Amino acid sequence: MFVSLGDLTHIWTVVVSLGLLPMVALATESDDCNLLQSTVPITRFATLSHRGNSVGVMCTGDVVLNKCEGTCVSSVSPSVTTYPGYRKDCRCCKETATETKSITLRECYRGSQVVPDLHYTFDVREISGCSCLNCNG
């Protein structure tokens, strides 16, 4: 069956005039993308200097880092000018900026024994901004 562009335009006009569009396409929701804190368990294996000796240790701890969380308005709507007959506008809550954060793990183990007065410090990239952005890319 072949449907002409004129027929599609007529069908679209009827759908719009009768109010048959899905409510999702007409929603006027706002974006709600937020920067929140999250506790993350971290374990790192390292060779550290302790009392003049190199010691292989496993260091662990719970670290508070930022995350992006929330909802963004996305839609799929009919289109007579775009193949395959609909237009997608997909938006996701994503990071917009990051910064370096220094992390210190204060529980370091050699085997099952805690090594006193030993800690491990390293840098991670932490999210510092969030926004609703195009999901692609």
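This is a predicted model, so every value here is computed, not measured. (Residues numbered from 1 in each chain as written. Predicted model: local features only at pLDDT ≥ 70, side-chain atom pairs only at ≥ 80, totals over all residues. Heavy atoms only, no water.)

Turning to the pattern of salt bridges, a few remarks are in order. A full pass over the atoms with the stated rule returns three salt bridges. The closest approach of N and O atoms between E69 and K67, which form a salt bridge, is 2.9 Å. Residue E69 is classed as partly exposed on the basis of its relative accessible area, which comes to 39%. For K67, a relative accessible area of 30% translates into the label partly exposed. Notably, a salt bridge pairs K101 with E126, separated by 3.7 Å at the nearest N-O pair. Here K101, found in strand β5 (residues 91-105), pairs with E126, found in strand β8 (residues 120-134); they are 25 residues apart in sequence, far enough to count as distant. (Salt bridge = Lys/Arg side-chain N within 4 Å of Asp/Glu carboxyl O. Buried < 20%, exposed > 50% of the residue type's maximum accessible area, 1.4 Å probe, protein only. Helix = DSSP H or I, 4+ residues; strand = E, 2+ residues; numbered from the N terminus.)

Counting 16 residues, the largest nonpolar core has L48, V57, C59, I103, L105, Y120 and F122 as its most contacted members. At the level of secondary structure, the elements contributing two or more residues to this core comprise β1 (32-50), β2 (53-71), β5 and β8. The dominant element in this core, judged by the number of residues it contributes, is β2, at five residues. With near-sequence residues (within four places) excluded, Y120 lies in contact with R44, A46, L48, C59, I103, T104, L105 and C108. (Core = buried A, V, L, I, M, F, W, Y, C linked by side-chain atoms within 4.5 Å. Contact = heavy atoms within 4.5 Å.)

This part covers the environment of R125. Mapped onto the elements, R125 comes out in strand β8. A relative accessible area of 52% places R125 in the exposed class. A distance of 2.9 Å separates polar atoms of two side chains, one belonging to R125 and the other to T98. For R125, the side chain forms a polar contact with the side chain of T100, separated by 2.6 Å. (Polar contact = N/O pair within 3.5 Å; in protein donor to acceptor, adjacent residues only side chain to side chain.)

Take the state of the cysteines next. What is meant by a disulfide is a covalent connection between two cysteines, made through their sulfur atoms. Under the defined criterion, the tally for this structure stands at five disulfides. Between the sulfur atoms of C72 and its disulfide mate C132 the distance is 2.1 Å. Linking C72 and C132, the disulfide has an S-S dihedral of approximately -80° and is accordingly described as left-handed. Within this pair, whereas C72 is found in the loop between β2 and β3 (75-78), its partner C132 is found in strand β8, the two being separated by 60 residues in sequence. (Disulfide = S-S within 2.5 Å.)

The strand order across the open sheet built from four strands is β1-β2-β6-β7, with neighbouring strands paired in antiparallel fashion. A strand with exactly one partner marks an edge of an open sheet, and here the two such strands are β1 and β7 (113-114). Sheet analysis places β2 next to strand β6 (residues 107-110), joined by three bridges and oriented antiparallel. When the bridges of β6 are listed, M58 appears paired with Y109. (Pairing = 2+ DSSP bridges.)

Before going further, it helps to spend a moment on the side chain of S79. Assignment of secondary structure puts S79 in the loop between β3 and β4 (86-89). Reaching out from S79, the side chain makes a polar contact with the backbone nitrogen of T81 at a distance of 3.2 Å. Dropping the residues within four chain positions of it, S79 is found in contact with G85, Y86 and R87.

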